[in-house]
Structures are given as structure tokens and as C-alpha cells.
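Residue-level structural notes
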Amino acid sequence: MEFSASQIALIIKGSVEGNPNATVNSFNKIEEAVAGQLAFLANPKYEDYLYSTGASVIIINEALELREPVAATLIRVPDAYSAFATLLQAYEQIMEQKMVGIQEPSFVAKSASIGENVFVGAFTYIGENVKLGKNVKVHPHCFLGNNVVIGDNSILHPGVKIYHDCVVGKKVIIHAGTVLGGDGFGFAPQPDGTYKKVPQIGNVLVEDEVEIGSNCTIDRATMGSTIIHHGAKLDNLIQIAHNVEIGTYTVIAAQTGISGSTKIGNRVMIGGQAGIVGHITIADGSRINAQSGVSKSMKQPNSVVTGSPAFDYTSTLRSQAIFRNLPDLEKRIAELELLIKQLMTEKESI
Amino acid sequence: MEFSASQIALIIKGSVEGNPNATVNSFNKIEEAVAGQLAFLANPKYEDYLYSTGASVIIINEALELREPVAATLIRVPDAYSAFATLLQAYEQIMEQKMVGIQEPSFVAKSASIGENVFVGAFTYIGENVKLGKNVKVHPHCFLGNNVVIGDNSILHPGVKIYHDCVVGKKVIIHAGTVLGGDGFGFAPQPDGTYKKVPQIGNVLVEDEVEIGSNCTIDRATMGSTIIHHGAKLDNLIQIAHNVEIGTYTVIAAQTGISGSTKIGNRVMIGGQAGIVGHITIADGSRINAQSGVSKSMKQPNSVVTGSPAFDYTSTLRSQAIFRNLPDLEKRIAELELLIKQLMTEKESI
Amino acid sequence: MEFSASQIALIIKGSVEGNPNATVNSFNKIEEAVAGQLAFLANPKYEDYLYSTGASVIIINEALELREPVAATLIRVPDAYSAFATLLQAYEQIMEQKMVGIQEPSFVAKSASIGENVFVGAFTYIGENVKLGKNVKVHPHCFLGNNVVIGDNSILHPGVKIYHDCVVGKKVIIHAGTVLGGDGFGFAPQPDGTYKKVPQIGNVLVEDEVEIGSNCTIDRATMGSTIIHHGAKLDNLIQIAHNVEIGTYTVIAAQTGISGSTKIGNRVMIGGQAGIVGHITIADGSRINAQSGVSKSMKQPNSVVTGSPAFDYTSTLRSQAIFRNLPDLEKRIAELELLIKQLMTEKESI
């Protein structure tokens, strides 16, 4: 698809400087863009590229004063980065919305209910009584078990697997290979040393506007629901165990794991590769740094922890600084011991 | 499916109090159950819900004395939780066993051997000479490479990928997205700084009654077999490298990784996000805490380690406690240095 | 397939001792091999097996002097292990090359371009304008989004998912379940506490001779490319965030995660479960030990770090040794305090 500078200016409410009929058909970074491409300049440290880039159209900040003439058509807006993001999102939505219909071969149970403008990709499996809201896009290779519900405008990328009875809200995005609703890890030890599987008959409930990355695993509850609340954002390869709750607008970086029945509050930020034990609560606004191991509830809102085991951020930093000097500390102790010994010997010899 | 209180009582060998014809068609937690649902009460702290729940039928402990009359039909058993679990497992097995036959489209090589009552889901690929035992359930989107063997009564959830020549025992459950038999990570450094791939021609052997979670990766052996022994239980997103052995009834929590050729003993318990280096052995009954980094063999059975690098649990806890007070410790040393200096000065001035 | 000792000797340029017509049809470890199998002996400590093995043909080092007669046919080469690896690789390539054609059912867009001797497995999805070079093998259940390019002789194992516009070089191997090109994790916080998704319109670029393990996630760049450079080797369950670059012949062990925009140099070695923060650079030849947490750029080539937070390897080892003796260190301080107190008291009493 090709857009003219004037069409783009209309979408992002900008003003055109130069040829309004200059057209572009793709995007690129300003330092790499060539003719026919759109770029933007937000960070002043890249201003030099403005005069050397091959881009045909460039979005820039209203406030920017040019040092030299620019070959490309410019579109001025209050905030170039934000305008560019808006534009891209609009573009991606157009592309996504263009996908409609059911590709073959696919498997759609007769009892499934399919909303308007839905896309079902090839090799996708839609089980009995599944409900897909309007504008739902289910890419190829997805599995939706019996009774799964997907709300309006949600997108499932290729190979998402959702076990039976799970419920996904509206405007949710789930990336490739993520598994929702696998059995929670529950085994009752038996007197003879073997284990008996504890049936996992709950489900997973993902609320509206959640985004989940690739190859995550979110287990179904033993009973009730494992819940990802409104607007939470999860990165890739994250493990969410059975009966966990993740609060509204909480953000979790890649490879973090949260053990069973733990409740994470709202607007919590969790770094990558963090681990959180089961059956605890994390207060609203908490921050948990990368690779932390949280073994106790965080009851005070907006506190910050780090380390494994995790403790208060500031005091852990102090301890870590001394840890790095432990050989020096030991040496100081050895010297003190020597001096004391001297003093004691002298005292005796008096 | 609908069951009456008397039918349920028969299955779990309980005695009915109230209307034996009360029927239920689903399960729920006692605090959330509504008419037509079955619940149970095992933990006395939830007894209040017994008098307010909407559940139609409730399983309770024989010993419980009611404080007030209960609207629901009760079924009394020696252990309500265990009876409920038995019931659910029976129910899940009925549901699973109802799935029989080969869904279309699927790909089943002519040389494959398919046992009685097998289910093959749509979009599943069954390679040459694959053998599926009786009652095996292979859900949609699974891949079974040439010569793979799956024992009786095993279940492969959607999207399990098993490379050629791997062998899975009886009553095994493997969850969605798990990969068995990918190449082990072996590259021989060459004099020119490049790497030559070391061919990985062994396989993966999963013994009976093992359960493996979602999106795990279990690599094939360089030669011989990577082995998951009888009854071991693995959570999600676990990495098992080539030539590893996991002992009988060993339990491993999510996101743990075990490096090449390491042998884990029987009835070992490993917490989440632990890492174990290659070419070591872990004695039977060992416990490795979450996020530990085990760099040496654990030769003493039933010992417990924690930390990264991992050491004896009790002494590591002591060190961790002091670590948190390191700033205080340093202060004490500085004070000692000051006092010693005073004493030394005074001594000289005498 | 069956091979004679003389055929094998020809491939690996060895000399035959014994019956040149002895045939084998599979491989095994020397200690487990039976009649009809090929084995090798490289490590002198296994020499005893040479005289007891059932193997029909054994590859051994030229230099080895036999202590007793050997029943099997021997093939002598300068380096038995290396010859064996060469042989296996040749065998695997023959097997892989035998797969040609498009299995049904599959989905191949008409605009896709398919090279010579390509294999497309059943249930694989090839999007619009996809280009597959010659000898490319795409196993079942793969997804190749629109405009994806795969270079000559590359292999995609079952269930690999590659989002639109990503580019994969020649002789690349990607294992099952790995996802290339999912959206980078970018969300702009809004004044009302919600998040706005930052569109991710770059791609992933995988250069020649890279190997990537199973169930990894490599995110597309926000703009530009996330790049895995020539010959890099990645193990399983690895997370590579948007705009990361991994240098030539860099090797990364399982479950490691690299945050956004970080540049890893050439010939870097990274252990398992390591984490590296975003927006830093790691110099060529660096070594990062398992479970390390790297929070700062490593500017000095060939340096080694360990720990979380990660510091210089040697000094961290020293600190870790003292850490384990912290209770003893504290005791020594307490004793010093006592002695000082004595001295101070005595002084006053003088």
C-alpha cells in the first residue's frame, strides 16, 4: 500500500512542508531509509541524518529549526515519536482487519459461534461451543479447546494453545506458542512414595486489553480461575502457576515465574527471570528487580526489592557493595586480630 | 453430563444425607457454587460457607458436626478432599476416554501402528513406523517423528513435538508445546574459530507414569538415551539437556534447567528456576531449593542445598542473614579500628 | 540402510583391519553395541570395551596398540571421535536430503517462491511472497508469515513460527517450537496509568550457519532488525528481546535472556540462565557464567564475569568463599569486640 505525505499528515494531524504528493510504501529508521520510505526524527542527536537520509517523507517535531535545506517532504507534529507510533498502529490495525474469513484446511466444530469479521487461519482447531467475538483474528495453528471464549477484537498469533473452558477478554493479544490452561502442577504424595495427580478442573481467565508474549505457560486453576487482570502486560517465556492472580496494569518481563496461588497487585513491575514463591501477596505498585527471588509477601505498597532471597532494594545494594569487598574486610579483621594480640602480649609482659 | 447424589455416593463410597436425587452437572469451590453444582468442604475454616453456599450437593468429612441445618444434599466420607479428587479424576478419565478415532485432516503414515481406542486429533502428524498403544490420546497439532513409540493410556496434549526414534512409556501425560528429542547442544570448536555440529543420534526415553508440563524442552542424547525415569513429574518450561537422567519419582518445578550428562537420583525435589551444571550426580532424596545453582555433585542422600552457587541449606541461611547486615558488620569493624588506634596511640604516648 | 566397513573407510579416509565386508545398519556406544552396529573408541579409558563389545565395526585411533585380538572389523583414522562425527553428519545429511516435495495437506500461498529440492511438511503454512532457497527443509506445523525469506540448505524443525518479514540465512537450523519475530515488549505508560502498545515494525535477521534450539523466543525489532550474526549457536528456551544483536560465533546456553537493544560481541560465551540488561554492550570474547546477572557493559575483551549482579570472576569467587564463612567472620568480630572492651576497661581501671 502506498500513502502520500498529505494522506499521512491527515491521519496524524500534522502540517506538510515540501511536496505533499511524495509517496511512501514502507517505514525505516532515518539513518537507513531510502527513497519511497517514511522515517521520523524525535531524538535531536540524530538530526544529522535529516540532511543525509534517503527517506521520501519524514515526521519531525514542530519545534525543530532546520540548519540546512532538507530533500524529503517534512510533516511537522507536536511529538514526532508519538505521531509515528500512532501511524504505525493505525497501519497494523488496517493490515490485521483486512484478514477476514476461514482459511482451509481448518477445523471448526459446528457448535462453535463465530462473530463478524473473524479470521480463522489454516490448521487452526476450534472446539465444541467455542465463542469468537467480532473482529477476532485467530492465526494459523491455534488450538481452542471446547467451550473457550474469545472476546471482541482479540488476536491470537500462530500456534497459541488454549485448553478447554478458558476465557479470554476483549482487545487481548497473545503471541505465538503460548499455552493457556495446561494442568496446574499438583501431585499428592502417597504413603508408598508415589504421587497421585490432583485434578485441575478450574480454568484461566484473561481480562480485556491484556498482552501476553510468546511461549508463555499459564496453568489452569485447581478450582476456580487463574486470572490475568485488565491491561496486564506479560513478556515471553513466563510461567504463571495455578490459581495465581496478576493485577491490573501489572507488567512482567521475560522468563519470570510465579508459583501457585500467589496474588500480584495492581501496577506492579517485575523484572526478567524473577521468581516468586507460592501463596503470598504482592502489594500494589511493588517493584521486583530482575533475577530477584521473592520468598515473603510484600505488604507495603510501592516498595522495591532485589536479590535472591529478595530484600529492600537500597539496603541490598549496600550489602552487595560490601560483598564485593569481602576479601578486604577479612583482611581488616585479620589485622585487628594481630594488633589486639600485640596489645594483649605487651600488657602481659608489663 | 448430570449425576445424582446417590450415583456420586456410590463412586466415592459415601453416605447420603438429604435428597439422594439432587443432581449436579459441574463442580465449583464451596464459596462460589450455585444450584446444580457439586462442592466439597475439607478445611474447617470454610465451614461457614456450608450454610450459605448455593451448591446442590456437598461432600463433607464423616466427623463434621453441623452447627445449623444445610440446604444441600450432603455426602459423608472419611476424607472429603481425597474423595473429591478421586471423583474428578474419574470424571476426567471418562471425558478423555470418550475421545476415540482419527479426526480429519490429519497425517498418519501407512506404516504406523495404531492401538485400540486411540484418538488422533486434527492436524496431528504420525510418521513412519510410529507405534501408538491402546487408549493413547494424541490431541491436535502433535508431531510424532518416524519410529516414535507411545505406550498404552498415554496422553499428548495439543502441539507436543516428538522427534524421530523417541520412546514414551505407559500412562504418561505430556502438556502442550513440549518438545522431546531436539538435538543436544554440542558443537566442537575448530582451529579457525568456527564450530562443527556434533551429530546427536541418541533419543529420549520417557518411562511410565511420568508427567511433563507445557513448553518444556528435553533434548535427545548424543548417543544412547536422555532418560526420564518412572513416575517423575516435571512442571512447565523446563530444560533437560542431552544424556541427562532424571530418577524415579523425582519432582522438578518450573523453569529449572539441567545441563548435559547429569544424573539426578530418585525422589529428588528441585525448586523452580534452579540450574544444575553438567556431568555431575545428585544423590537420591536430595532437595534443591528454587533459584539454586548446583555446581558440584551431591553425594550424600537426602541433603538440602540452596543459593547460587548452592551450599548446605542451614549454613547458607546463616550466611544470608549476615549478608543483610553487612553494612552493620563493616561499621563494627571500623569502630574496632578506631578503638585499636586509640589504644595504640595511648600506648605510645605512655 | 546398510554400509560395509570398506564403504565407511572410504568416507572417513581410514584403513580397514579385518573383514572389509562386515556390515552395519546403526550406531551405538561401544559398551552397548551389538552385532550389526558401528561404534568408536576415542577415550583410552574405555579400551576394555574394545575386547568385549558386540559391535561389528569399530573406528579407532591410528596410534592405538591392541593388547589382545579384537573380534570386530577395525577402521583406523588419525582421530576416531572426529571421524565418527563426520560420518554421522554425512548420514544425517543423506537422510535429510532424501526428504523432498510438498506433503499434503499444507498451505502454500501462490505468490511464494520455492527452490529446488525443497521439503514442505504437512500442516505447514507458507505465506504470501515467502522465498525458500534450494534444499530448504521445512518440517510439519511450521508457520512462515508473509515475505519471510529462508536461505539455501536451512532446516526448520516442526512447529517453528516465523512472523512476517523475517529473514533467515543459509545453512541455518532452527529447532521445534521456536518463535521468530514476535512483537518486542514495548509499552508507553500513559498519564492515566494505562499503557499504549509501541508498534514493533522491524524484523528478525538470522545470518548463515546459525543454530537455534527449541522453544526460544526472538522478538522483532521496534524498527530495524534484531540480528543473530553468522555462526552463532543458541540452546533451548532462550529469550532475545527486540533490537538485540548477537555476534559471530557467540554461544549461548539454555534459558538465558537478553534484554532490549543490547549488543553481544563476537565469540562471546554465555552460560545457562544468565540475564543481561538492556542497552549495554558486551565486548568480543567475553565469558559470562551461568546464572549471572549482567547489569553493566563489559568493555574489556575476553574478560570473565560471574554472580548476580555479575562482577569479575576471580574476585567474585573470593567473595563467595568468604560469604560461606560469614558466621565465622562475625564470631571473630564479636571476639575482637570483647577483647577491646577488656583492654579499655583495664586501661580505665589503671
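Remember, predicted model here, so these are calculated numbers, not experimental data.

**Here we look at a nonpolar patch on the surface**
A surface patch of nonpolar side chains, about 260 Å² in accessible area, is lined by A:Met1, A:Ile94 and A:Met95. Structurally, A:Ile94 can be placed in helix H3 (residues 80-98).

**A word on the interface of chain B and chain C**
Accessible area lost on assembly of the parts is the figure often given for the size of an interface. The interface of chain B with chain C comprises 63 residues on the first partner and 56 residues on the second. When the buried area of chain B at its contact with chain C is split by residue, B:Phe185, B:Tyr195 and B:Met223 rank highest and sum to 13% of it. Notably, a salt bridge pairs C:Glu337 with B:Arg332, separated by 2.8 Å at the nearest N-O pair. If you look at where chain B meets chain C, you find 24 residue pairs in polar contact (both at pLDDT 80 or more). For the side of chain B that touches chain C, the leading source of residues is helix H5 (residues 326-349) of chain B, giving 10 residues.

**Topic: the interface of chain A and chain C**
The interface is formed by 55 residues belonging to chain A together with 63 residues belonging to chain C. Together chain A and chain C conceal approximately 4900 Å² of surface at their shared face, both sides included; 66% is due to carbon and sulfur atoms. Taken together, chain A and chain C are joined by three salt bridges. Residues C:Lys197 and A:Glu211 are paired through a salt bridge, measuring 2.8 Å at the closest nitrogen-oxygen approach.

**Focus on the packing of helix H4 (residues 313-324) of chain A against H5(B)**
Where H4(A) contacts H5(B), the two axes come as close as 8 Å, and the packing angle between them is 55°. In terms of orientation, H4(A) and H5(B) fall into the oblique class. Here A:Arg318, A:Ser319, A:Ile322 and A:Phe323 of H4(A) lie close against H5(B), whose contacting residues are B:Leu326, B:Pro327 and B:Glu330.

**Re the environment of C:Leu132**
All names here are of chain C. Mapping Leu132 onto the fold places it in strand E13 (residues 131-132). Accessibility expressed as a relative area gives 3% for Leu132, which makes it buried. Each C-alpha atom of the pair Leu132 and Val251 lies 26 Å from the other, and the pair is 119 residues apart in sequence. Apart from the residues lying within four places of it in its own chain, the contact partners of Leu132 are Ser113, Ile114, Gly115, Val118, Val120, Ile126, Val138, Leu144 and Ile150.

**Some words on unusual backbone geometry**
Of note, the amide linkage connecting B:Ser308 to B:Pro309 takes the cis form, showing an omega dihedral of 0°. By the element assignment, B:Pro309 lies in the loop between strand E39 (304-306) and strand E40 (311-312). Omega for the peptide link from C:Glu104 to C:Pro105 comes to 0°, which places this bond in the cis form. Secondary-structure assignment places C:Pro105 in the loop between strand E8 (101-102) and strand E9 (107-108). Phi at A:Asn215 takes a positive value of approximately 55°, unusual for a residue other than glycine. Structurally, A:Asn215 is set in the loop between strand E25 (211-212) and strand E26 (217-219). Taking the relative accessible area as the measure of exposure, A:Asn215 reaches 1% and is therefore buried. Even without glycine at this site, C:Asn243 takes up a positive phi of about 70°. The residue C:Asn243 is located in the loop between strand E29 (239-240) and strand E30 (245-246) in this model. In this structure C:Asn243 comes out as buried when scored by relative accessible area, which is 14%.

**Topic: the relation of the copies chain A and chain C**
When chain A is fitted onto chain C, the two copies agree to an RMSD of 0.2 Å after a turn of 119° and an axial shift of 0.1 Å. Those values place the two copies in the arrangement expected of a three-fold rotation axis.

Criteria and thresholds
Residues numbered from 1 in each chain as written. Chains lettered and ligands numbered in written order. Predicted model: local features only at pLDDT ≥ 70, side-chain atom pairs only at ≥ 80, totals over all residues. Heavy atoms only, no water. Patch = residues over 30% accessible without salt bridge, like charges linked within 9 Å, V, L, I, M, F, W, Y side chains within 5 Å. Areas by Shrake-Rupley, 256 points an atom, 1.4 Å probe, with all protein chains shown as cover. Salt bridge = Lys/Arg side-chain N within 4 Å of Asp/Glu carboxyl O. Helix = DSSP H or I, 4+ residues; strand = E, 2+ residues; numbered from the N terminus. Contact = heavy atoms within 4.5 Å. Buried area = accessible area lost by both parts, 1.4 Å probe. Polar contact = N/O pair within 3.5 Å; in protein donor to acceptor, adjacent residues only side chain to side chain. Axes fitted to C-alpha atoms, helices over the stretch in contact; angles between N-to-C directions. Parallel < 35°, antiparallel > 145°, perpendicular 65-115°, else oblique. Buried < 20%, exposed > 50% of the residue type's maximum accessible area, 1.4 Å probe, protein only. Least-squares fit on C-alpha atoms with pLDDT ≥ 70 in both.

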